[in-house]
Amino acid sequence: MTAKTDLPMPSRLKPATLLLLLLALAAGCGKLQNDINVPLPSYSAELVLECYLEPGKVPSLAVTTSVPYLGAVLPQVPTDVTVTLTMPNGTLVPLAFNPNYRALTDTTSGEKFHSHIGRSRLVAKAGDVFKIDVQDTQGRHITGTTTMMAPIPIDSVEYKFNDKTGTNRKAYFLTNFRDPATPDDCYRLQLHKGTPTAKNLLKSPEVDMSVQDRLLNGQPFVLGTSYRFSAGDTVTATLYHTDFAYYRFRQSVRDARGANGNPFAQPSAIYSNVQGGVGIFTVLSGTMTTKIVK
Amino acid sequence: MVFSLTTRCFWIVTLLVLLNAVPGRAQEAARITLSGTVRGAHGETLPGASVAVPALATGTAADSVGHYRLSLPAGRVQLVVTSIGYRTITRDLNLTKSQRLSFDLEENNQELGEVLVTGSVSLEQKLKTTQMGVEHLNIREAKLLPALFGEVDILKTLQLKPGVQSGGEGTSGLFVRGGSSDQNLVLLDNTVVYNPNHLFGLFSVFNSDAVQSVDLYKSGFPAQFGGRLSSVVDVKLREGDRQKYVATGGIGLISSRGTLEGPINKGKGSFIVSGRRTYFDIFTRALNKRNEGKEDYSPIPDYYFYDLNAKANYTLGEKDQLFLTGYLGRDIFGFSSTGGFNFSFQWGNTLGALRWNHVFSPKLFVNTTASVSDYKYSLVNKLDQFSFTLGSRITDYTGRTDFEYTPDDRHQVKFGATATQHTFGVGRLDANSGDGRVNFGSDVNYYGLDGAVYASDNYKATDKLQLEGGLRLTGFRSGDNQYGGLEPRAAARYSLNEKTSFKLNYALMYQYVHLVTNSGATLPTDIWYPSRLRVKPQRSQQVSGGGSFLLFGGKYLLTNELYYKWGQNQVDFRDGAQLFANPDLDAEFIFGKSWAYGNEIYLEKKTGRTTGWIGYTLAWSWRNFQPQNGTNGVNNGRDFHPNYDRRHNLTVVVMHQLNPRLSLTASFIYTSGNLTTLPLGRFGVQDIPGSSVGIDPRPVPIYPDRNSYRLIPYHRLDLGAVYKVGTRRNNDLTLSIYNAYNRRNAYFVFFDTVRDKATNRTTGFAAKQVSLFPVIPSLTYNFRF
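These numbers were taken from a predicted model, which means no experiment stands behind them.

Peer 1: How do you make sense of the sheet that holds strand β3 (residues 58–61) of chain B when you look at a structure like this?
Peer 2: Within a sheet, each strand pairs with its neighbour through backbone hydrogen bonds, oriented either parallel or antiparallel. All names here are of chain B. Spatially, the four strands line up as an open sheet ordered β3-β2-β5-β6, and their pairing is antiparallel. Whereas interior strands pair on both sides, the edge strands pair on one side only; in this sheet they are β3 and β6 (89–95). Adjacent strand axes in the sheet meet at a mean angle of 20°, parallel and antiparallel pairs treated alike. As defined by bridge partners, strand β5 (residues 75–82) adjoins β6 across seven bridges and the pair is classed as antiparallel. From the neighbouring strand, Val80 faces β6, where its bridge partner is Thr90.

Structure follows, in structure tokens:
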């Protein structure tokens, strides 16, 4: 009570005090994320090419178009596009428009969508140069060139368990290989769990990482994971040797995706390796090995 | 180095002004010079204090460290020393020889109706100075204003001044007249602070208990400052109570503070030690422990920051005084997962400065400073035998000497020199395994030597006309690369009458060190990089002019300033730049030009029970980066606005002393929304067979134009109350209500996927606006004993 006598609060402050209390109660009330209407200016669609050639497989690719961000969900698949693949010996191979639309909506099997597909399996070796030509009837025209990289053998794979027990007992997984002396080599490593059937290898991997040899040119690489594998897991490591253009395309896609929703990120342009549109044209040069974690 | 015609003209003008000082000295030989220091009751220096002889209509203002010099005729005079918020001292003197005379002013906080809210530079001084574009902030003023989480933040208070923008909601970054945040020279007792932020910019590193004053220069930069293009933030620490030991502190919502100060050797000196620490981590650790073992619970990482300020001064004799300043601050972020993965992230500044003040005569004194400034960050990941460390560092060793010479009451000459040895650790990466199979790294270091000499003269040509000319010659060397330039500075003030003055100024600035960042915000992982090879020094020039008008019997000061600023070699980075551990960072830079213009109106009231200000800025900022270095530049070479470009900015600050115990404060801010880059288009990437992404979940955005979308206008009202408690009113309870009407300001906007709840399939895309802070009340208890 002494304090009340010494520290008289002016009567006109009482409503203000009440207001402050109400405001304090309101703190944290209401959502901090709200839907808003954003009027975007018009956007001119471009052709988008995604083509990953692989020795021993029938060449296929997806040609779609970019769309206004707030437009239709499914990709627009133009039906008036002709595609020609130029083989290393100069042979022109037309790829027919034969889309597997089912893959656009089936997100469980891992099957990829293609709009165009060839007839015979690809024969390719390191150093072979391929070209692609994509045209539609509106005058949009994509061209691209790529060279197959030499496959890099996986020297060994290994694992090591932590010192926990029960379900917490997990192992990390190491993949060892050696980078050649040439600069600008890039790699993509996928680790799949389960028996290495074609069906399982189509599904999402446990680990999917990309690295370049900027700091380790010509030296041994050891790529590791966190403690995430259990006893009994079958782990298949697939190592793709890629050129810098493919690595940069993937990084720019990652950066562009990351900028949407990150207030600290600077929006990034997409670095395609094709001209006249957006996309990637490359040859996958992979090696594979499997190990059971015991 | 380019010596333009303009540069030569300024050099000539400066020489003329300096030479003009010599005959003036001879003519005024019969005059007496008084000099000394003006302090408050607790020993704090009082920058801006007035020392005047009204009968002779002459006087001067104490400088940034409380020193004054006044030239007077011999004989009897009545000297009046005033500083807003302190009791006036009147002293009758019989002047026979030049002498030093210092004053200690008592606080004036007892009588209602007198000055109750203080700022130490009076409106009359602001009217009369040639200096434009400067904001002086007294920490006592800042402490009254409401603050986010109750944390008084001097940099955020500066954001309430015209021409100064914040980087975003709640952040303490400063964007001054179109400049970026790395173009601000932030000084703590004359030592550069490379990262003035804690917690990604939400708080500044300056502990308000230890700070004496802050000056922000937006234009008309005095010649003793250089090295950054946009502004100078000159922070001075308190010197401590010279008469008694005092402990102060505060217990707040997120942090607590403690300060101890007192005399050294019976008042020959004094010291102050002040510390602050947040305690988020105490709560998060308790929460983590409580939820330990729950499968669906993800532990919250530990985070806290602390800082420690210390300053001591000691009077060696009549003419010599030493000042020692230290600062240590760290942000510490740590995480240990149950999977054995350990992560730690630390960053912070370490500063030290030793200043020697020597008075040669009442007309000439010198400050010589040796200082070190170090900023570093370190990011460490560990898993079993594997470790990965990433870090960067910049370390400066600086020596500088600053002379002030006042030959007569018409001239105030400043000259000096500075040299800095920089060590840039631009990328340290270390990857190791216990068995030696993994052992690689990168450690890229550069060295730089930065030097400058300068001279300036503030010359009272007539009672109405005052001129200031200055020249700064700067140079920078890193490896075989050398750069240099002349930086002319000029200012003029013409007083139409006692209540109206007009001012004009010009400044050229070079910046030899650059912040490497790929973010719209300043992050602790940003790297400082020297001018070398392709990376040329940044350069800017600014002209500004305006008028100041004392209104309503001198109670209000209305100021209007127009400015135009243009810069070359502004830096940005190409899309997808690799900024970490890159031995060829030069290749990642791209260069462009900038220009900014605007008008700032400022109405200020500093005396009476109700004080405050209203500021309004109308401004434009532009940038242009043409295609270069294998890139399309920025925005395909088209002009664009930086994201902090705001067309309108209105601030209203009101402080009212209701009674001797209770002060009420309010601040309101209204600005145009931040600019942001939104994607116009998107496409799908399936990736290779077996990849983890598909067309459906995550479209790839296409960003055609930089910063083409403006967020909704930002406005916010903060309310505060300071209630003094205790019989001696030494303690207080401070209530802050941030965002009082709970406005949902836009922090950023993004496009989210809309999913069908039953099938989890994407059915569309929608724009979402994210807000950061709702209404946040906080209570802080501040004590003193």
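Peer 1: Looking at this structure, I do not really get the interface of chain B and chain A. What am I missing?
Peer 2: A common measure of how large an interface is: the accessible area buried when the components associate. Tallying the contact residues gives 86 residues for chain B and 89 residues for chain A. Taking both sides of the interface into account, the surface hidden between chain B and chain A amounts to around 7,600 Å²; carbon and sulfur atoms contribute 59%. Three residues, Leu680, Arg682 and Ile688 of chain B, lead the burial of chain B against chain A; their summed loss comes to 9% of the area buried on that side. Joining chain B to chain A, the criterion identifies three salt bridges. A salt bridge links Asp687 of chain B to Arg250 of chain A, with the shortest nitrogen-to-oxygen separation between them at 3.3 Å. Where the side of chain B that touches chain A is concerned, the elements lending two or more residues are β27 (439–460), β38 (662–671), β40 (681–683), β41 (700–702), β43 (714–725), β44 (731–738), β45 (748–755) and β46 (762–770) of chain B. The class makeup of the residues in the side of chain B that touches chain A is 46 nonpolar, 25 polar and 15 charged. Pairing between strand β1 (residues 33–36) of chain A and β46 of chain B: four bridges, direction antiparallel.

Peer 1: Is there a simple way to explain the domain arrangement of chain A in this structure?
Peer 2: Residue and element names in this part refer to chain A. The domain boundaries assigned to chain A delineate domain 1 (47–147) and domain 2 (154–292). With centres defined by C-alpha atoms, the gap from domain 1 to domain 2 works out at 23 Å. On the side of domain 2, 18 residues touch domain 1, which itself brings 23 residues to the contact. Summed over both partners, the interface of domain 1 with domain 2 comes to about 1,700 Å²; 56% of that surface belongs to carbon and sulfur atoms. Per-residue buried area on domain 1 facing domain 2 is highest for Leu49, Tyr52 and Thr146; these three make up 27% of the total on that side. Across the contact surface, domain 1 and domain 2 share zero salt bridges. The interface formed by domain 1 and domain 2 includes 10 residue pairs in polar contact (both at pLDDT 80 or more). Breaking the side of domain 1 that touches domain 2 down by element, the ones donating at least two residues are β2 (47–53), β8 (129–135) and β9 (141–147). Ranked by the residues each element gives to the side of domain 1 that touches domain 2, the list is headed by β2, at seven residues.

Peer 1: Mind showing me how you'd approach the packing of aromatic side chains here?
Peer 2: Geometrically, a pair of aromatic rings is defined through the distance of the ring centres and the angle of the planes. Under the criterion given, the structure shown has 49 aromatic pairs over all chains. Aromatic side chains Tyr194 of chain B and Trp528 of chain B sit 5.2 Å apart centroid to centroid with 65° between the ring planes, which places their arrangement in the edge-to-face category. On the criterion of sequence distance, the pair formed by Tyr194 of chain B in the loop between β13 (191–192) and β14 (197–198) and Trp528 of chain B in strand β32 (residues 527–530) is long-range, its members being 334 residues apart. The two residues Tyr194 of chain B and Trp528 of chain B agree in class, both being buried. Taking 6.4 Å as the distance between ring centres and 55° as the angle between the ring planes, the aromatic pair formed by Tyr303 of chain B and Phe333 of chain B counts as tilted. With Tyr303 of chain B in strand β21 (residues 302–315) and Phe333 of chain B in strand β22 (residues 320–336), the pair connects residues that are 30 residues apart, well separated along the chain. By relative accessible area, Phe333 of chain B is classed as partly exposed at 24%. Here the aromatic cluster, defined as three or more aromatic residues joined through ring pairs, consists of Phe280, Tyr303, Phe333, Phe343, Phe345, Trp347 and Tyr377 of chain B. In this arrangement the basic side chain of Arg355 of chain B is found over the ring face of Phe323 of chain B, its NZ or CZ atom lying 3.9 Å from the centre. The ring of Tyr69 of chain A carries Arg682 of chain B above its face, with NZ or CZ at 5.9 Å from the centroid.

Peer 1: Explain the sheet that holds β1 of chain A here, please?
Peer 2: An order of β1(A)-β46(B)-β45(B) is seen for the three strands of this open sheet, with the pairing classed as antiparallel. Since the sheet does not close on itself, it has two edges, and those belong to β1 of chain A together with β45 of chain B, each with one partner. Direction aside, neighbouring strands of the sheet carry axes that sit 45° apart on average.

Peer 1: Mind showing me how you'd approach the environment of Tyr670 of chain B here?
Peer 2: Residues and elements named next belong to chain B. Structurally, Tyr670 can be placed in strand β38. Given the relative accessible area of 33%, Tyr670 is considered partly exposed. When the C-alpha positions of Tyr670 and Leu717 are compared, they lie 9.0 Å apart, and in sequence the two are 47 residues distant. Ignoring anything within four residues of it in the chain, the contact list for Tyr670 reads His648, Asn649, Leu650, Pro713, Tyr714 and His715.

Peer 1: Which parts of the structure should I look at to understand the UniProt feature "domain: TonB-dependent receptor plug" (unreviewed entry) in chain B?
Peer 2: Using the residue numbers shown here, the UniProt feature "domain: TonB-dependent receptor plug" (unreviewed entry) corresponds to residues 152–228 of chain B. Split by type, residues 152–228 of chain B is 6% helix and 31% strand. Its first and last C-alpha atoms lie 26 Å apart.

Peer 1: Whenever I open this one, unusual backbone geometry confuses me. Can you help?
Peer 2: All names here are of chain B. Its identity is not glycine, yet Asn629 carries a phi of approximately 50°, on the positive side. You can see Asn629 is positioned in the loop between β36 (610–624) and β37 (648–657). Located in the positive-phi region is Asn707, a residue other than glycine, with phi close to 50°. Examined against the element boundaries, Asn707 turns out to sit in the loop between β41 and β42 (709–710). On the accessibility criterion, Asn707 (10% relative accessible area) is buried.

Peer 1: Just checking my understanding: could you explain a nonpolar patch on the surface for this structure?
Peer 2: Residues Ile251, Leu733, Leu779 and Tyr781 of chain B make up a contiguous nonpolar surface patch of roughly 340 Å² in combined accessible area. Along the polypeptide, Leu779 of chain B turns up in strand β47 (residues 776–784).

Peer 1: Explanation requested: the nonpolar core in the structure shown.
Peer 2: One broad rule of soluble globular proteins: the nonpolar side chains tend to lie buried together. All names here are of chain B. Judged by nonpolar contacts, the single largest core of 58 residues is most densely connected at Phe424, Val426, Val516, Tyr529 and Phe589. Among the elements that take part in this core, strand β30 (residues 500–511) stands out by supplying five residues, more than any other. In this view, Phe589 contacts His514, Val516, Tyr529, Arg534, Val535, Val571, Asp572, Phe573 and Asn629; residues no more than four positions away in its chain are not counted. Residues Leu158, Val176, Val211 and Tyr327 belong to the second largest nonpolar core, which totals 24 residues.

Peer 1: Honestly, helix α5 (residues 244–259) of chain A in this entry has me stumped. Any pointers?
Peer 2: Think of an α-helix as 3.6 residues a turn; residues three or four steps apart then line up on the same face. Residue and element names in this part refer to chain A. With 16 residues, α5 should reach 22 Å at 1.5 Å per residue; the first-to-last C-alpha distance of 22 Å fits that figure. Every buried residue of α5 is listed here: Tyr246, Tyr247, Phe249, Arg250, Gln251, Ser252, Val253, Ala256, Arg257 and Ala259. Following α5 by one or two positions, Gly261 adopts a phi angle in the positive range, close to 105°.

Peer 1: Any chance you could explain the confidence of the model for chain A here in plain terms?
Peer 2: Close inspection of predicted coordinates is inappropriate in any region flagged by low pLDDT. Predicted confidence across chain A gives a mean pLDDT of 86, with 89% of residues reaching 70 or more. This model gives residues 1–28 of chain A a pLDDT under 50, and the stretch forms 24 contacts once residues within four places in sequence are excluded.

Peer 1: Would you mind going over the pattern of salt bridges with me for this structure?
Peer 2: Side chains that carry opposite charge are capable of pairing whenever their charged atoms lie near each other. Applying the stated criterion to the full structure yields 40 salt bridges over all chains. The salt bridge partner of Arg102 of chain A is Glu111 of chain A, with a shortest N-O separation of 2.4 Å. Across the pair Asp687 of chain B and Arg188 of chain A runs a salt bridge, and its minimum N-O distance is 2.8 Å. A residue pair is termed interchain when its members come from two chains, as with Asp687 of chain B in the loop between β40 and β41 and Arg188 of chain A in strand β12 (residues 186–193). The exposure class of Arg188 of chain A is buried, given its relative accessible area of 1%. Through salt bridges with shared partners, a single network forms among Glu135, Arg177, Lys218, Glu561 and Glu600 of chain B.

Peer 1: Would you explain the environment of Thr171 of chain B in this entry?
Peer 2: Residues and elements named next belong to chain B. With respect to the element layout, Thr171 can be found in the loop between β10 (164–166) and β11 (174–176). Since its relative accessible area comes to 14%, Thr171 is described here as buried. Along the sequence, Thr171 and Gly220 sit 49 residues apart, while their C-alpha atoms lie 26 Å from each other.

Peer 1: Would you take a moment to explain helix α5 (residues 280–290) of chain B for this structure?
Peer 2: Residue and element names in this part refer to chain B. Within the span of α5, buried status applies to Asp281, Thr284 and Asn288. Taken around the axis of α5, the buried residues stretch over an arc of 65°, which confines them to a single face. Away from the buried face of α5 by more than 90 degrees, exposed residues Phe283, Lys289 and Arg290 are located.

Peer 1: Would you mind going over the environment of Phe175 of chain B with me for this structure?
Peer 2: All names here are of chain B. One can find Phe175 in strand β11. Residue classification places Phe175 among the buried residues on the basis of a relative accessible area of 7%. Put simply, Phe175 and Ser274 are 99 residues apart on the chain and 28 Å apart in space, counted from C-alpha to C-alpha. The residues contacting Phe175, other than those within four sequence positions of it, are Gly163, Val164, Gln165, Ser166, Gly167, Ser180, Ser181 and Tyr644.

Conventions we followed
- Residues numbered from 1 in each chain as written.
- Chains lettered and ligands numbered in written order.
- Predicted model: local features only at pLDDT ≥ 70, side-chain atom pairs only at ≥ 80, totals over all residues.
- Heavy atoms only, no water.
- Pairing = 2+ DSSP bridges.
- Helix = DSSP H or I, 4+ residues; strand = E, 2+ residues; numbered from the N terminus.
- Axes fitted to C-alpha atoms, helices over the stretch in contact; angles between N-to-C directions.
- Contact = heavy atoms within 4.5 Å.
- Buried area = accessible area lost by both parts, 1.4 Å probe.
- Salt bridge = Lys/Arg side-chain N within 4 Å of Asp/Glu carboxyl O.
- Nonpolar A, V, L, I, M, F, W, Y, C, P; charged D, E, K, R; others polar.
- Domains from an automatic or database assignment.
- Polar contact = N/O pair within 3.5 Å; in protein donor to acceptor, adjacent residues only side chain to side chain.
- Phe/Tyr/Trp six-rings, centres within 6.5 Å; stacked < 30°, edge-to-face > 60°.
- Buried < 20%, exposed > 50% of the residue type's maximum accessible area, 1.4 Å probe, protein only.
- Lys NZ or Arg CZ within 6 Å of the ring centre and 35° of its normal.
- UniProt positions renumbered as here; feature names shortened; annotations may be inferred.
- Patch = residues over 30% accessible without salt bridge, like charges linked within 9 Å, V, L, I, M, F, W, Y side chains within 5 Å.
- Areas by Shrake-Rupley, 256 points an atom, 1.4 Å probe, with all protein chains shown as cover.
- Core = buried A, V, L, I, M, F, W, Y, C linked by side-chain atoms within 4.5 Å.
- Expected span 1.5 Å × (residues − 1).
- pLDDT = per-residue confidence, 0-100.
- Arc of directions from axis to C-beta.

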